[in-house]
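Results of the structural survey
Residue strings, one per chain:
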Amino acid sequence: MSKRFNRRSRRAVIPLAAVSALVAGAGLTGCGQQRDASVYTVLNSSTDETYHRWDAEAMARCGERLGVTIEQQSVPAAQVMTKALRMASSKSLPDIVQFDASEMPTFAEAGGLVDLRTLGLSTADVPQGIVDFGSYKGTYYGAARSVNTLALFYNKDVLDRAGLKVPATWAELRETAKRLTRGKRYGLALSAGGAEDGVFQFTPFMWSNGGDENRLDGPEVVEALDYWKSLLKDGSLSKSTVGWTQADVNDQFMAGNAAMMINGPWQVETLNTKKSLHWGIARIPVPKAGGKSVGPLGGAVLTVPDTGDEQRERTAGRIVACLSSEREQLTYALNSWMVPANEKAAAVWRQRVPELDALADQVAAARSRTAELGAGWSSVSLALQSAFQSALTGESSQAALKRAQQRATSGN
């Protein structure tokens, strides 16, 4: 496949104060430029040709049902927030914005979004965790079509030849990774880069160990980062892991340079292009047997910006309801290998792709990164990114995370 597509692309973290100032100054409730009454615009990050096509087809179906034309404007994921802010300042906001769920609270906090329940959207068949995923301070701003999380991918042939079982605990993962490290092949690949990718990958180790984003220098978080350091010390992780994105990790796995990897379902389409690669998937190992593997809930949510045009907002709400309907969710999820947010669609999805059943189990226990801190997550993310770089290149985890906690608290 000539293109790599990373659903967890690098994103620029924009401070809340800056967003609030721009949104407040934009006068969102004022009427902007004249719009075609029958044409509605969706801003998203579907720059990949296949995702862009799938979205276009879904929008065409919903447009036909609702009697409107729906057009998409696609920009790289890192540019969605900045693009939305520029459009707000020029009073030309799109009717719908598909934000990464970790970014949505920042725009909501600034007063830029409409409560979807006031537009008639129901959450009756959506698990509470996914409702929370699209909510901020109890208000439902974002409808998810699908969600994702991380899992352990493994090369079946490599494990079989070594006579090893799929690891389920940290101790088993460390030992298995050590035994599978041979020549140019590392036992495990993961992303610990200085961007949101690395933070996303660290959360299952932090949360499954009882750590919490409110106390980054807590013993459970330090122990989780020390575990990463132990894998690096064993030689089971490449030293390059501190610079890898999740797309880079997938490349290493596909090239045979890693026997296992931590990654997400957005890589499945690419994995399946290599017919000689026989891979399996399992839940991310836990500190001790019997523990719960708690991963991060990832994905995007469809939101309706507050443009002040109530009639257009109501129609935009109907478009969001159509795009996130059970039927459209299942179609999108089967195309993208993500897990439908709707419980009924997810049940059908499990039957259609049983090889990803472990992923659905992992999603069931997953949590949103912004559930506790809301818009404050961005400060924690930046602090953790810096901590990884320091700790994995020599500094103690305790010192790196103590500084991270100070940084997160100060918001700098």
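Just so it is clear, the model here is predicted, and its values are computed rather than measured. (Residues numbered from 1 in each chain as written. Predicted model: local features only at pLDDT ≥ 70, side-chain atom pairs only at ≥ 80, totals over all residues. Heavy atoms only, no water.)

With respect to the overall build of the protein
Let me state the cut-off plainly: Numbered from the N terminus, helices here are DSSP runs of H or I no shorter than four residues, and strands are runs of E no shorter than two. Restricting the calculation to C-alpha atoms gives the radius of gyration, and the globule rule supplies 2.2 Å times the number of residues raised to the power 0.38. Residue burial is assigned from relative accessible area. The probe radius is 1.4 Å, only protein chains are included, and a residue is buried under 20% of its type maximum, exposed over 50%, and partly exposed in between. The contact rule is simple, with two residues in contact once any of their heavy atoms fall within 4.5 Å. A 1.4 Å probe and the Shrake-Rupley method give the accessible areas. Residues count as covered only by the protein chains that appear here.
Secondary structure summary: the protein contains 17 helices and 14 strands in total. The C-alpha atoms of the protein give a radius of gyration of 21 Å, which matches the 22 Å a tight globule of 412 residues would have. When the backbone C-alpha atoms are referred to their principal axes, the protein occupies close to 65 × 45 × 35 Å. Across the 412 residues in the protein, those meeting the buried criterion constitute 58%. The long-range fraction of contacts in the protein, counting pairs at least 24 apart against all pairs at least 6 apart in sequence, stands at 76%. Element-wise, carbon and sulfur atoms account for 48% of the exposed surface of the protein, whose accessible area totals about 16200 Å².

Focus on the pairing of strand S9 (residues 258-263)
Here is the rule: Note on pairing: DSSP must find at least two bridges between two strands before they are called paired.
In terms of burial, S9 is largely enclosed, as six of its six residues are buried. Relative to S9, strand S7 (residues 151-155) runs antiparallel, the two sharing four bridges. In the strand pairing of S9, Ala 151 is matched with Asn 263. Taken together, the three bridges between strand S8 (residues 186-189) and S9 define a ladder with parallel strand orientation.

Thoughts on the side chain of Thr 370
Checked against the element boundaries, Thr 370 lands in the loop between strand S14 (367-368) and helix H16 (377-391). Given a relative accessible area of 6%, Thr 370 falls into the buried group. Those residues within four positions of Thr 370 in sequence are excluded, and the remaining contacts are Ala 101, Ser 102, Pro 105 and Trp 377.

Examining helix H14 (residues 343-352)
To keep it simple, the criterion reads: Here, the arc refers to the directions that run from the helix axis to the C-beta atoms.
Listed in full, the buried residues belonging to H14 are Ala 345, Ala 346 and Trp 349. In an axial view of H14, the angular spread of the buried residues amounts to 100°, which keeps them on one side of the axis. Residues of H14 that are buried in the fold lie against helix H13 (326-336), strand S13 (339-340) and helix H15 (357-364).

So, the environment of Ser 92
What counts, and what does not: Under the rule applied, a polar contact is a pair of N or O atoms within 3.5 Å (in protein, one hydrogen donor and one hydrogen acceptor; residues adjacent in sequence only if both atoms are side-chain atoms).
Inspection of the secondary structure assignment puts Ser 92 in the loop between helix H3 (80-89) and strand S3 (96-100). Along the sequence, Ser 92 and Arg 35 sit 57 residues apart, while their C-alpha atoms lie 9.1 Å from each other. Reaching out from Ser 92, the side chain makes a polar contact with the side chain of Ser 90 at a distance of 2.7 Å.

Focus: the packing of aromatic side chains
Here is the rule we go by: The aromatic pairing rule takes the rings of Phe, Tyr and Trp, using the six-membered ring of Trp, and pairs them if the centres are within 6.5 Å, calling planes under 30 degrees apart stacked, those over 60 edge-to-face and the rest tilted.
By the definition in use, this model includes 12 aromatic pairs. Here the aromatic rings of Phe 200 and Trp 266 are separated by 6.2 Å at their centres, their planes lie at 50°, and the arrangement is tilted. Separated by 66 residues along the polypeptide, Phe 200 in helix H8 (residues 196-208) and Trp 266 in the loop between S9 and helix H11 (268-271) bring together distant segments of the chain. Classification of Phe 200 by relative accessible area gives buried; the value is 0%.

Structural notes on the packing of H8 against helix H9 (residues 219-234)
Selection rule: Axes, fitted as lines to C-alpha atoms, cover a helix only where it is in contact. Angles between the N-to-C directions of the axes lie from 0 to 180 degrees. The cut-offs work like this: below 35 degrees is roughly parallel, past 145 is roughly antiparallel, 65 to 115 is roughly perpendicular, and the gaps in between are oblique. For a crossing to be left-handed, the near helix must be turned anticlockwise from the far one by less than a right angle; the clockwise case is right-handed. Side-chain classes follow a simple rule in which Ala, Val, Leu, Ile, Met, Phe, Trp, Tyr, Cys and Pro form the nonpolar group, Asp, Glu, Lys and Arg form the charged group, and the remainder, Gly included, forms the polar group.
Where H8 contacts H9, the two axes come as close as 9 Å, and the packing angle between them is 115°. One finds that H8 runs roughly perpendicular with respect to H9. As H8 packs across H9, the resulting crossing turns out to be right-handed. Contacts from Gly 198, Gln 201, Phe 202, Phe 205 and Met 206 in H8 reach Val 221, Ala 224, Leu 225, Tyr 227 and Trp 228 in H9. Class assignment of the residues belonging to the contact of H8 with H9 gives a composition of eight nonpolar, two polar and no charged.

Quick look at the environment of Val 114
When you line up the elements, Val 114 lands in the loop between helix H4 (104-109) and helix H5 (128-133). For the pair formed by Val 114 and Thr 139, sequence separation is 25 residues and the distance between their alpha carbons is 9.2 Å. Dropping the residues within four chain positions of it, Val 114 is found in contact with Leu 119, Tyr 140, Tyr 141, Val 304, Pro 305, Asp 306 and Glu 313.

As for unusual backbone geometry
Even without being a glycine, Lys 91 presents a positive backbone phi close to 55°. Tracing the chain through its elements places Lys 91 in the loop between H3 and S3. With a phi angle near 50°, Lys 137 is a residue other than glycine that sits in the positive phi range. Note that Lys 137 resides in the loop between strand S4 (135-136) and strand S5 (139-140).

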